[in-house]
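Working through the structure, step by step
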Amino acid sequence: MASTLKYVRVPPNSANLEEARKRVFEFFKTACRSIPTIMDIYILDDVAKPSQLRSTVSSEIRKNAHVTDPKVIDMLLIKATEELSNIVEHAKQRHHIIGQYVVGRQGLTHDLGIKDQGNSNFLNNFYSGNYF
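In the annotation of an unreviewed UniProt entry, the protein is listed under the name NADH dehydrogenase [ubiquinone] 1 alpha subcomplex subunit 6 and assigned to Abeliophyllum distichum.

Structure, rendered in structure tokens:
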């Protein structure tokens, strides 16, 4: 199963920004080609679709779109290749994959509102009591 990553090699130095950009596109293609294998290894059919994982990979790559130094891009590619090989070689557990790439870093709920600050009579009486 790790044969999909056998041909991915990131040389230590890119000559220029265009060469680094081409390597990013090659990594994206390799990551997208390995998604069916990842779906089979971690049995993700019930929680995600391949298109969702592709968009997650794409958004992870786009997070670093502002980077223009080829050496930094090469370093990020090395880290991404290592992460992908760990996933394909089953070095992670299913809940790690679901938590990081299916659900996302925000968690299951996207709670952007302000929570109730406890303005009920019961809590006000509790806070004013000698319980502390």
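**Description of the overall build of the protein**
Broken down by element type, the protein carries 6 helices and 0 strands. Along its sequence from the N terminus, the protein presents helices and strands in the succession α-α-α-α-α-α. Across the 132 residues that make up the protein, the buried fraction comes to 28%. Expressed as a percentage of contacts within the protein between residues at least 6 apart in sequence, the contacts between residues at least 24 apart total 72%. Here the protein has roughly 9,600 Å² of accessible surface; of this, 55% comes from carbon and sulfur atoms.

**Re the pattern of salt bridges**
For the structure on display, the rule yields 5 salt bridges. Between Glu-60 and Lys-63 there is a salt bridge, with the nearest N and O atoms lying 3.2 Å from each other. We classify Glu-60 as partly exposed; its relative accessible area is 25%.

**Regarding the packing of helix H1 (residues 17-33) against helix H3 (residues 50-62)**
One way to put it is that H1 packs onto H3 with a least axis distance of 10 Å and a crossing angle of 155°. Taken as axis vectors, H1 and H3 run roughly antiparallel relative to one another. The element H1 and its partner H3 pack so that their crossing is right-handed. Across the interface between the two elements, Val-24, Phe-27, Phe-28, Ala-31 and Cys-32 from H1 touch Arg-54, Val-57, Ser-58 and Ile-61 from H3. Across the contact of H1 with H3, the residue classes tally to 7 nonpolar, 1 polar and 1 charged.

**Quick word on the layout of surface pockets**
By volume, the largest pocket is sized at about 1,000 Å³. Lining the largest pocket are 35 residues; nearest its centre among them are Phe-27, Val-57, Glu-60, Ile-61 and Ala-80. The set of elements that each furnish at least two residues to the lining of the largest pocket consists of H1, helix H2 (35-42), H3, helix H4 (70-88) and helix H5 (94-103). With 8 residues, the single largest contributor to the lining of the largest pocket is H4. A per-class count over the lining of the largest pocket returns 22 nonpolar, 6 polar and 7 charged.

Definitions and cut-offs
Residues numbered from 1 in each chain as written. Predicted model: local features only at pLDDT ≥ 70, side-chain atom pairs only at ≥ 80, totals over all residues. Heavy atoms only, no water. Helix = DSSP H or I, 4+ residues; strand = E, 2+ residues; numbered from the N terminus. Buried < 20%, exposed > 50% of the residue type's maximum accessible area, 1.4 Å probe, protein only. Contact = heavy atoms within 4.5 Å. Areas by Shrake-Rupley, 256 points an atom, 1.4 Å probe, with all protein chains shown as cover. Salt bridge = Lys/Arg side-chain N within 4 Å of Asp/Glu carboxyl O. Axes fitted to C-alpha atoms, helices over the stretch in contact; angles between N-to-C directions. Parallel < 35°, antiparallel > 145°, perpendicular 65-115°, else oblique. Left-handed = near helix turned anticlockwise from the far one by under 90°. Nonpolar A, V, L, I, M, F, W, Y, C, P; charged D, E, K, R; others polar. 1 Å grid on protein atoms, 1.4 Å probe; cavity = no way out; pocket = protein on both sides within 12 Å on 5 of 7 lines; lining within 4 Å. Points joined across faces, edges and corners; volume = space filled by probe spheres on them.

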